[in-house]
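Chain by chain, the residues:
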Amino acid sequence: MSVSKQRPWPVYGHEKQVQLLQQACLSGQVAQAYIIYGLRGLGKKHLASVLVKELLCQSKSLNCDKCFSCVRLKKNLHPDVMHLPLTASQSISVDEVRLANQFLHFSALNSGSGRRCLIIDRAERFTDAAANAMLKTLEDPPTGAIIILLAEKISQVPATVRSRCQLIKLLPLSQRQMQSWIKQFNLAPEIEETVLGLSLGRPGRALDLLADNLEQYQLRMERLLSWMSSDSVITFQNLKLWL
């Protein structure tokens, strides 16, 4: 089956990245480890979840949404998928990585799908010990294991980990893409314009703004602009708290 005949993935934008991953799935040449990286709000988690769904779907109609695997994934109950970090901690601990390694090796003997998928968010936050533990798995992964790391700042992911993963970089969507994407929400023109201006090509940021904090964000930006036009001194560290 060629990529052109394959059922489209539910990913808006990022066409080259999606095509690369689709072709890997169709050809059976899926890498054992990926790092999907880019700014917050670009859809890294979503792309990772779509890739996992593609890998584990039991139907010939890819991304079917109806087979046992797809239903379990939708409910976050799939036995062959694990997510890190397990807590809201500021770092990923060596204990979490060891638990993930046990999951991958145990599943190698018990998986019904033939694949085990580990998704690691905030990969910049490995402790040194956790990075070393993960490195051992990346150097000699169990058969069928797929490891997907997500990161905003690729430079902060340990170099030894980066070197053993295929990198997938996500970029902000174009203005035209964002204008097309946001039409689904049927917003008032002034709200749509504001959301597009503040989201900077990031659908996830746009969704956050629409969810609950558009007015708060606007007030913060207005106050920030007021400060910048005054004699007040604003450091880059303080600026980060506003954006």
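The structure contained in this document is the topic of the report that follows.

Scoring rules and cut-offs
- Residues numbered from 1 in each chain as written.
- Predicted model: local features only at pLDDT ≥ 70, side-chain atom pairs only at ≥ 80, totals over all residues.
- Heavy atoms only, no water.
- Helix = DSSP H or I, 4+ residues; strand = E, 2+ residues; numbered from the N terminus.
- Buried < 20%, exposed > 50% of the residue type's maximum accessible area, 1.4 Å probe, protein only.
- Areas by Shrake-Rupley, 256 points an atom, 1.4 Å probe, with all protein chains shown as cover.
- Core = buried A, V, L, I, M, F, W, Y, C linked by side-chain atoms within 4.5 Å.
- Lys, Arg positive; Asp, Glu negative; His and termini not counted.
- Salt bridge = Lys/Arg side-chain N within 4 Å of Asp/Glu carboxyl O.
- Contact = heavy atoms within 4.5 Å.
- Axes fitted to C-alpha atoms, helices over the stretch in contact; angles between N-to-C directions.
- Parallel < 35°, antiparallel > 145°, perpendicular 65-115°, else oblique.
- Left-handed = near helix turned anticlockwise from the far one by under 90°.
- Nonpolar A, V, L, I, M, F, W, Y, C, P; charged D, E, K, R; others polar.
- Phe/Tyr/Trp six-rings, centres within 6.5 Å; stacked < 30°, edge-to-face > 60°.
- Pairing = 2+ DSSP bridges.

1. Focus on the overall build of the protein
The secondary structure content of the protein amounts to 10 helices and five strands. Looking at the protein residue by residue over its 243 residues, the buried ones come to 44%. Here the protein has roughly 14,100 Å² of accessible surface; of this, 52% comes from carbon and sulfur atoms.

2. Focus: the nonpolar core
Within the largest apolar cluster, 28 residues are counted, with the highest numbers of intra-cluster contacts made by L118, I120, F126, M134, I147 and L149. Sorting the residues of this core by element identifies β1 (33-37), β2 (81-84), α4 (94-110), β3 (116-120), α5 (128-139) and β4 (145-151) as the ones contributing at least two each. V30, L42, V50 and V52 belong to the second-largest nonpolar core, a separate cluster that totals 27 residues.

3. A few points about the side chain of R202
Here R202 lies in the loop between α8 (189-199) and α9 (203-228). No salt bridge is formed by the buried R202, whose closest oppositely charged neighbour, E152, lies at an N-O distance of 6.8 Å. Those residues in contact with R202 that lie beyond four places of it in its chain are L39, R40, G41, L42 and M178.

4. What about the packing of helix α7 (residues 175-182) against α8?
Direction vectors running N to C along α7 and α8 enclose 135°, while the axes themselves pass 11 Å from each other. The orientation of α7 with respect to α8, classified from their angle, is oblique. For the pair α7 and α8, the crossing hand works out as right-handed. On the side of α7, the interface is formed by Q175, M178, Q179 and I182, while α8 contributes E192, V195, L196 and S199. Here the residues of the contact of α7 with α8 sort into four nonpolar, three polar and one charged.

5. Concerning the environment of Q179
Position of Q179 relative to the elements: it lies in helix α7. For Q179, a relative accessible area of 34% gives the class partly exposed. Each C-alpha atom of the pair Q179 and L196 lies 7.4 Å from the other, and the pair is 17 residues apart in sequence.

6. Description of the environment of R116
Looking at where R116 falls in the secondary structure, it is placed in strand β3. Look at R116 and you get buried, because its relative accessible area is 2%. In this structure, the C-alpha to C-alpha distance between R116 and V81, residues 35 residues apart in sequence, is 6.1 Å.

7. Notes on the packing of aromatic side chains
The relative placement of two aromatic rings is captured by the distance of their centres and the angle of their planes. This structure, assessed with the given rule, holds one aromatic pair. Measuring from centroid to centroid gives 5.2 Å for W181 and F185, while their planes differ by 70°, and the two rings are edge-to-face. Judged by relative accessible area, which is 9%, W181 ranks as buried.

8. Considerations on the packing of helix α1 (residues 15-27) against helix α2 (residues 44-56)
Axis angle and axis distance: for two packed helices, these are the angle between their axes and the distance between the axes, and together they describe the pair. It is at 11 Å that the axes of α1 and α2 come closest, and there the two elements cross at 20°. Judged by the inter-axis angle, α1 sits roughly parallel to α2. As α1 runs across α2, the sense of the crossing is right-handed. Across the interface between the two elements, V18, L21 and C25 of α1 pack against L47, L51, E54 and L55 of α2. Grouping the constituent residues of the contact of α1 with α2 by class yields six nonpolar, no polar and one charged.

9. Looking at the pairing of β4
Among the seven residues in β4, seven count as buried, and that is most of the element. The side-chain alternation of β4 yields two buried faces, one formed by A145, I147, L149 and A151 and the other by I146, I148 and L150. Pairing of β1 with β4 involves five bridges; the strand directions are parallel. Looking at β4, one finds that Y37 is bridged to A151. Where β3 lies against β4, five bridges are found, and the strand directions are parallel.

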